[in-house]
Amino acid sequence: MKKISGVLLAVVAAFAIGGIAFHRHEPINALWIITAAVCVYLLGYRFYAAWIATRVLMVDASRATPAERLNNGRDFVPTHRAIVFGHHFAAIAGPGPLVGPTLAAQFGYLPGTLWILVGAVLGGCVQDMTILLLSTRRDGRSLGQMARDELGPLGGFAALIGTLLILIVLSAVLGLVIVNAMKHSPWATSTVAATIPVAILIGLYLRLWRPGRVLEASVIGVTLVLAAVLAGGWLDHQAQLRGWFDYAALPLATAVVIYAWVAATLPVWLLLAPRDYLSTFLKLGTVALLAVAIVLTHPQLKMPALTQFVDGSGPIFGGALFPFVFITIACGAVSGFHALVASGTTPKLISNEADVRLVGYGSMALESFVAIMAMIAATLLDPGVYFAINSGAGVVGSTPELAAHTISGWGFPVTAQQMQALAQAMGEHTLFARTGGAPSLAVGMASIFGSSFGRGLAAVWYHFAIMFEVVFILTTLDAGTRVGRFMLQDLLGQVWQPLGRTSWYPSVLFASTLLVAAWGYFLYVGVIDPNGGVNILWPLFGIANQMLAAIALSVASGILVKSGRARYALVTLVPLAWLALVTTSAAWQKIVSPDVHVGFLAAAGDLAAKLAAGTLSAERAAVAPQLIFNQRLDAGLTVLFTAILWLVILDMARVAARSLRGLPVRSSSESPYRPRALTNAALAER
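First, a word on what this report is: a plain description of the structure on this page.

**Here we look at the overall build of the protein**
Reasoning step 1: A tally of helices and strands in the protein yields 28 helices and zero strands.
Reasoning step 2: Its C-alpha atoms give the protein a radius of gyration of 24 Å, near enough to 26 Å, the size a compact globule of 686 residues would have.
Reasoning step 3: Expressed as lengths along the three principal axes of its C-alpha atoms, the size of the protein is roughly 70 × 60 × 55 Å.
Reasoning step 4: For the protein, the residues scored as buried account for 59% of the 686 residues in total.
Reasoning step 5: Here the protein contributes 42 positive and 30 negative side-chain charges, whose respective centroids are spaced 9 Å apart.

**Some points on the nonpolar core**
Reasoning step 1: Counting residues in each nonpolar core, the largest one holds 214 residues, and the members touching the most others are Tyr41, Ile376, Leu431 and Trp519.
Reasoning step 2: Excluding residues within four positions of it along the chain, leucine 431 makes contact with Ala388, Ile389, Met419, Leu422, Ala423, Met426, Val443 and Tyr462.
Reasoning step 3: Within the second largest apolar cluster, ten residues are counted, among which are Ala604, Leu607, Leu616 and Leu627.

**A look at the environment of glycine 480**
Reasoning step 1: Take glycine 480: it is sitting in helix 22 (residues 458-492).
Reasoning step 2: When its relative accessible area of 2% is taken as the criterion, glycine 480 is described as buried.
Reasoning step 3: As a C-alpha pair, glycine 480 and alanine 260 span 220 residues in sequence and 9.3 Å in three-dimensional space.

**Concerning the state of the cysteines**
Reasoning step 1: For the coordinates displayed, the defined rule picks out zero disulfides.
Reasoning step 2: For cysteine 39, which is in no disulfide, the shortest distance to another cysteine sulfur is to cysteine 125 and amounts to 15 Å.
Reasoning step 3: On the basis of relative accessibility, which here comes to 7%, the residue cysteine 39 falls in the buried class.

**Observations concerning unusual backbone geometry**
Reasoning step 1: Looking along the chain, the bond that leaves phenylalanine 322 and enters proline 323 is cis, with omega of 10°.
Reasoning step 2: Mapped onto the elements, proline 323 comes out in helix 14 (residues 321-328).
Reasoning step 3: At methionine 58, a residue that is not glycine, the phi angle is positive and equals roughly 50°.
Reasoning step 4: As for its position among the elements, methionine 58 is in the loop between helix 2 (30-56) and helix 3 (66-69).
Reasoning step 5: Positioned with a positive phi, histidine 298 is a non-glycine residue whose angle comes to about 30°.
Reasoning step 6: Within the secondary structure, histidine 298 is located in the loop between helix 13 (272-297) and helix 14.

**Observations concerning the side chain of serine 669**
Reasoning step 1: Structurally, the position occupied by serine 669 is in the loop between helix 27 (618-660) and helix 28 (680-685).
Reasoning step 2: Accessibility expressed as a relative area gives 15% for serine 669, which makes it buried.

**Examining the packing of aromatic side chains**
Reasoning step 1: As enumerated under the stated definition, the model contains 20 aromatic pairs in all.
Reasoning step 2: Arranged with centres 6.0 Å apart and planes meeting at 85°, the rings of phenylalanine 387 and tryptophan 410 form a pair that is edge-to-face. Remark: tryptophan 410 occurs in the loop between helix 19 (400-409) and helix 20 (416-425) and phenylalanine 387 occurs in helix 17 (residues 383-390); sequence separation between them is 23 residues.
Reasoning step 3: For the pair tyrosine 521 and phenylalanine 522, a centre-to-centre distance of 5.7 Å together with 75° between the ring planes defines the contact as edge-to-face.
Reasoning step 4: Taking relative accessible area as the criterion, phenylalanine 522 reaches 8% and is therefore assigned buried.
Reasoning step 5: What links up through ring pairs into an aromatic cluster is the set Phe309, Tyr386, Phe387, Trp410 and Phe412.
Reasoning step 6: Of note, arginine 46 hangs over the ring of phenylalanine 47, and the distance from its end group to the ring centre comes to 4.7 Å.
Reasoning step 7: Seen from the ring of tyrosine 45, arginine 357 lies directly overhead, with NZ or CZ sitting 4.2 Å from the centre.

**Details of the pattern of salt bridges**
Reasoning step 1: Scanning all chains against the criterion turns up twelve salt bridges.
Reasoning step 2: Arginine 141 is the salt-bridge partner of aspartate 149, the closest N and O atoms lying 3.2 Å from each other.
Reasoning step 3: What makes aspartate 149 partly exposed here is its relative accessible area of 23%.
Reasoning step 4: Judged by its relative accessible area of 26%, arginine 141 is partly exposed.
Reasoning step 5: Of the charged contacts, one joins lysine 610 and aspartate 606 as a salt bridge, the two residues approaching to 3.3 Å between their closest N and O atoms. Of the two residues, lysine 610 and aspartate 606 both sit in helix 26 (residues 600-613), four residues apart, roughly one turn of that helix.
Reasoning step 6: Look at the salt bridges and you will find they share partners, linking Arg63, Arg137, Glu353 and Glu670 into a network.

**Quick word on the environment of serine 5**
Reasoning step 1: You can see serine 5 is positioned in helix 1 (residues 2-22).
Reasoning step 2: The spacing of serine 5 and leucine 43 is 38 residues in sequence and 9.7 Å in space, taken between C-alpha atoms.

**Observations concerning the packing of helix 6 (residues 109-136) against helix 25 (residues 570-592)**
Reasoning step 1: Remark: helix 6 packs on helix 25, axes separated minimally by 10 Å, with the N-to-C direction vectors making an angle of 125°. Relative to helix 25, the element helix 6 is oriented oblique. You can see that helix 6 and helix 25 cross each other, and the crossing is left-handed. Here Trp115, Leu122, Gly123, Val126 and Thr130 of helix 6 lie close against helix 25, whose contacting residues are Val571, Thr572, Pro575 and Trp578.
Reasoning step 2: Of the residues that constitute the contact of helix 6 with helix 25, the class distribution is six nonpolar, three polar and no charged.

What counts and how
- Residues numbered from 1 in each chain as written.
- Predicted model: local features only at pLDDT ≥ 70, side-chain atom pairs only at ≥ 80, totals over all residues.
- Heavy atoms only, no water.
- Helix = DSSP H or I, 4+ residues; strand = E, 2+ residues; numbered from the N terminus.
- Rg over C-alpha atoms; globule rule 2.2 N^0.38 Å.
- Buried < 20%, exposed > 50% of the residue type's maximum accessible area, 1.4 Å probe, protein only.
- Lys, Arg positive; Asp, Glu negative; His and termini not counted.
- Charge placed at Lys NZ, Arg CZ, Asp CG, Glu CD.
- Core = buried A, V, L, I, M, F, W, Y, C linked by side-chain atoms within 4.5 Å.
- Contact = heavy atoms within 4.5 Å.
- Disulfide = S-S within 2.5 Å.
- Phe/Tyr/Trp six-rings, centres within 6.5 Å; stacked < 30°, edge-to-face > 60°.
- Lys NZ or Arg CZ within 6 Å of the ring centre and 35° of its normal.
- Salt bridge = Lys/Arg side-chain N within 4 Å of Asp/Glu carboxyl O.
- Axes fitted to C-alpha atoms, helices over the stretch in contact; angles between N-to-C directions.
- Parallel < 35°, antiparallel > 145°, perpendicular 65-115°, else oblique.
- Left-handed = near helix turned anticlockwise from the far one by under 90°.
- Nonpolar A, V, L, I, M, F, W, Y, C, P; charged D, E, K, R; others polar.

Have a look at this one:
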């Protein structure tokens, strides 16, 4: 029966993917994409993941994990596989699967959809599962530590520096998406603000008032979060109160920076842990509800399979289909950030190596499914509406009439009146130039939910979606800031030893301040950018994130070769080769391209020339020096990221070549085998 079911899955998947690929001159139903995705993920998990776990990684259920061997009740805690799965999914699910596909929809629905499916099953899921197992076998060591132990100090130091810099860029992009979703939206801002005291309340409830009453805390927390959405709608209609939450982008950016600093310095049980816990319910519940709504309504996609912007002239971000569709869709297909989680908290919770397949491969497949639904939500909008929301004022014009005229000239009709009616239906003042992907995704989600559960509640569904997206992203922002603080403290400890003590409060405050100041600067420049900041920061984020994934796959490949499994190393080497090609090509174009919409240096030179000639408006001239500097800084960071990537790849190749030739290499840092003593019954009692 298993073989028959596998064959049926393969046939259905092939039929559905063929239907997606060959639809050209008529609208395609979203059920084609949902069917293809479910079948592909099930096939990958049932066959490819099982083969990798058995033959490549040689998962051993009888082997004790570090959670059992090093159990200290704080960091190393044997945990039920369902809880570990929820934790891992909440930690890895950030802006990528939501924002990346939404932005990549400017190329049409086809390229992004195919890459999400293929990239996840053959690359992202494999990376997550492999790094998780390798870290579990090495007492939960981080990616940088494994690189240093297995490859050498040069590759390890490069991986550590690259990871920290990538975290800075990542955090800035997270903040920018949040700011663009909430600016001049009292409903959204008040709702998101309310989730912070709710998280603190639940933290106090579980820590001080009712320890261990997880079910009670869950019911209270989820109820309060949902009530915050309705309360935000009431507040938005109160003239005396709505002004308290109506802010422009810059004040919101300041608030986001302050929040991240506080979250990184407060005890983890007070804000970070309860927020992640509550967000898991929200994430999984919303994903399930969205999937049900799509099946019930089976909407038609309105975006064409391919648009004219595949040539690189896109208004949302510059760059041709290859390689920029691959770096734009970050976490939805392959994400280096996941390797930090898979070598961070999760391997310290795994109680059985057999759970690695579910937690590593399975959670990444679920996140990729989120990306598929984000692609559907973005492409079921009228293309004119999609581009009106996501194109910056500096691209399409500063007035609704001018923007509508520009977008209609591209062949995607839209009117100012149509956009105004849509904004009113969503409870917003305007939806023009709401860049960042989050607002257009919320409109698409509200459309799906409204079609299934009541069109009269469109405004409620829109702001529920905004809250879902922002909370989705905040869990990554505060967790990423804390992880970055740990890494920075580790580096500062090399200069002065006390700064390396992660619990010493002066070090906590100092490192947190340095970190949020670093990514806060990039956030500031993105906020003041007239084009919305996304076309500056998101390509850099995508390149950096994919390069981190390539670094993780390099470490995994080196370990496989050293451990005598070189014939299986293609499992990681093939996605590594593709990512190295894609990221290097994208980096090269971002550095040397003469197109001002693509090249960082070309854009900086063009803006500098206009500033010198006095042809810029007063508003743009005021921020031009910062934008020029930041474009050049982005070019420098891209060069640095590329150098770090190839340094790690070459170091891995050196170690692999020496191992294959029988020459001395660093001994494996894998912990000795110890039989597992923890039983499932004992684990359930925990």
